[in-house]
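Working through the structure, step by step
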Amino acid sequence: MPKEFMEAAVVDGATAIQKIRYIIVPYLKPLFLFIIMVNVMDAYRIFDNIAVMTKGGPGLATESLMFYNYDIAFGRMNMGAGSAVSILTMVGIFILLVPFLYMTYKEQTDR
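Residues numbered from 1 in each chain as written. Predicted model: local features only at pLDDT ≥ 70, side-chain atom pairs only at ≥ 80, totals over all residues. Heavy atoms only, no water.

1. Structural notes on the packing of aromatic side chains
- For the structure shown, the criterion picks out four aromatic pairs.
- Arranged with centres 6.0 Å apart and planes meeting at 40°, the rings of F67 and Y70 form a pair that is tilted. Of this pair, F67 and Y70 both sit in helix α4 (residues 65-75), three residues apart, roughly one helical turn.
- Relative accessible area serves as the criterion here: at 8%, F67 is assigned to the buried category.
- Ring pairing ties together the aromatic residues F47, F67, Y70 and F74, which thus form one cluster. (Phe/Tyr/Trp six-rings, centres within 6.5 Å; stacked < 30°, edge-to-face > 60°. Helix = DSSP H or I, 4+ residues; strand = E, 2+ residues; numbered from the N terminus. Buried < 20%, exposed > 50% of the residue type's maximum accessible area, 1.4 Å probe, protein only.)

2. What to know about α4
- Among the residues of α4, F67, N69, I72 and A73 are the ones counted as buried.
- Packing partners of the buried residues in α4 comprise α3 (48-53) and α5 (79-110).
- Residue M77 follows α4 closely and has a positive phi angle near 55°. (Contact = heavy atoms within 4.5 Å.)

3. Side note on a nonpolar patch on the surface
- The grouping of M1, F5, I20, V25, Y27, L28, L31, F32, F34 and I35 at the surface amounts to a nonpolar patch, some 900 Å² of accessible area in total.
- With eight residues, helix α2 (residues 16-45) is the single largest residue contributor to the nonpolar patch.
- The partly exposed category is assigned to F32, whose relative accessible area is 39%. (Patch = residues over 30% accessible without salt bridge, like charges linked within 9 Å, V, L, I, M, F, W, Y side chains within 5 Å. Areas by Shrake-Rupley, 256 points an atom, 1.4 Å probe, with all protein chains shown as cover. Salt bridge = Lys/Arg side-chain N within 4 Å of Asp/Glu carboxyl O.)

4. As for the side chain of K19
- Residue position: K19 is located in helix α2.
- Nearest to the buried, unbridged K19 among oppositely charged side chains is E7, at 11 Å.
- The residues touching K19, leaving out its near neighbours within four places in the chain, are M6, A9, V10, A14 and I24. (Lys, Arg positive; Asp, Glu negative; His and termini not counted.)

5. Notes on the pattern of salt bridges
- With the rule as written, the count across this model stands at one salt bridge.
- For R76, the salt bridge is made with D71, and the minimal N-O distance between the two is 3.4 Å.
- The exposed category is assigned to R76, whose relative accessible area is 52%.
- Under the relative-accessibility criterion, D71 is labelled partly exposed at 23%.

This is the structure:
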């Protein structure tokens, strides 16, 4: 972050909270959006830890969407329903990530 912004805020008499709110957070907003997108994608794709350690148990306590998809397709041998869950998962990820991608694109084109 350029020092000029912080120096200008000090000259204008901004408090520490105002510096954080109006200078630091807007400057780091693209980074925050990127981190949120990566975490959302990671939350959807977690499978191996659950499959190796708990196999979705006890009960359904550690079952994720990807493990549920695996259980339907290969555990219950229902490939059609497993395919449907996969497609719905992709649509859900798309719906969740489009606003983040749009905001990132908008910020990059504004510069």
